[in-house]
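Each chain is listed here by its residues.
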Amino acid sequence: MDSLLPQLGISLPAGAPMPLDLAALFPRPMRAVWLEVGFGAGEHLIAQARAHPEVGYIGCEPFMNGVATVLAELDRQPADNIRLFTDDARLLIARLPEASLERVFVLFPDPWPKARHHRRRFISAVMVEQLGRIIAPGGELRIATDHMDYARWTLSHLCGAAAGSSPFQWTARRPEDWRRPPTDWIATRYQHKAEAAGASPVFLSFRRRRGAAATRKSLVPASGQEYIALQARL
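What counts and what doesn't
Residues numbered from 1 in each chain as written. Predicted model: local features only at pLDDT ≥ 70, side-chain atom pairs only at ≥ 80, totals over all residues. Heavy atoms only, no water. Helix = DSSP H or I, 4+ residues; strand = E, 2+ residues; numbered from the N terminus. Buried < 20%, exposed > 50% of the residue type's maximum accessible area, 1.4 Å probe, protein only. Contact = heavy atoms within 4.5 Å. Areas by Shrake-Rupley, 256 points an atom, 1.4 Å probe, with all protein chains shown as cover. Phe/Tyr/Trp six-rings, centres within 6.5 Å; stacked < 30°, edge-to-face > 60°.

(A) View of the overall build of the protein chain. Along the backbone of the protein chain there are 10 helices and 7 strands. Going through the 234 residues of the protein chain one by one, you find that 46% of them count as buried. For the protein chain, long-range pairs separated by at least 24 residues make up 80% of all intrachain contacts whose partners lie at least 6 apart in sequence. Carbon together with sulfur atoms contributes 55% to the accessible area of the protein chain, which is approximately 11,500 Å² in total.

The following block contains the structure:
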């Protein structure tokens, strides 16, 4: 924490809220930049970063136990394409340049199950707008959860009635697309724990639309019945 975090940590400049220079965060040019919100113990973050050394990977995690775990692993086996932000991810997102990210991961976020706490959920109307700003056209937003109400909430904000002219399109075309993870998926210990407890995680992938935002109708997958069936199952 004392020696490695100052090298890998991202600090937001004080003063005027100017966009961060992402290229300056890394010691060499990166093909693209990916962001993971709430990386936990870092299994997914480290595995993805090592599998894609040409990609700059930013991980956000406010809890120091997870940060310490990642730093210990990077101390053992360094990776120069990883940078860490150890505060609320929303503070960083507000300072990211427009269309600067190719992929964003939000894996098993806190569902804040009580109704009075829903305002604390990461996915919100404001965050959908912010993510649409920072993800480049054609870029991907991946969200995974084992909490079915949160899955419904996510679909509602990203491709349902609450989305309005959402900048995202849900990529699912059949039930297997959300029941099974993508082929390059890296399971986390939280996922294993949830599955061991009998939960069935949902894997939702959204593509940043190109051009002008679409109408609500066009955000529904090719088969509207599949969307309705998913809502019913959830």
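(B) The packing of aromatic side chains, seen in detail. One pass over the structure, following the stated rule, counts 4 aromatic pairs. Arranged with centres 6.3 Å apart and planes meeting at 65 degrees, the rings of Trp34 and Tyr57 form a pair that is edge-to-face. Remark: Tyr57 occurs in strand β2 (residues 55-60) and Trp34 occurs in strand β1 (residues 32-37); sequence separation between them is 23 residues. Just as Trp34 is buried, Tyr57 falls in that class too. A centroid spacing of 4.9 Å and a plane angle of 80 degrees characterise the contact between Trp185 and Phe203, whose relative ring orientation is edge-to-face. A residue pair is termed long-range when its members are at least 10 positions apart, and Trp185 in the loop between α7 (176-179) and α8 (189-196) and Phe203 in strand β7 (residues 202-208) qualify at 18 residues. Judged on exposure class, the residue Trp185 and its partner Phe203 are both buried. Each residue in the set Trp34, Tyr57 and Phe105 is aromatic and connected to the rest through ring pairs, giving one cluster.

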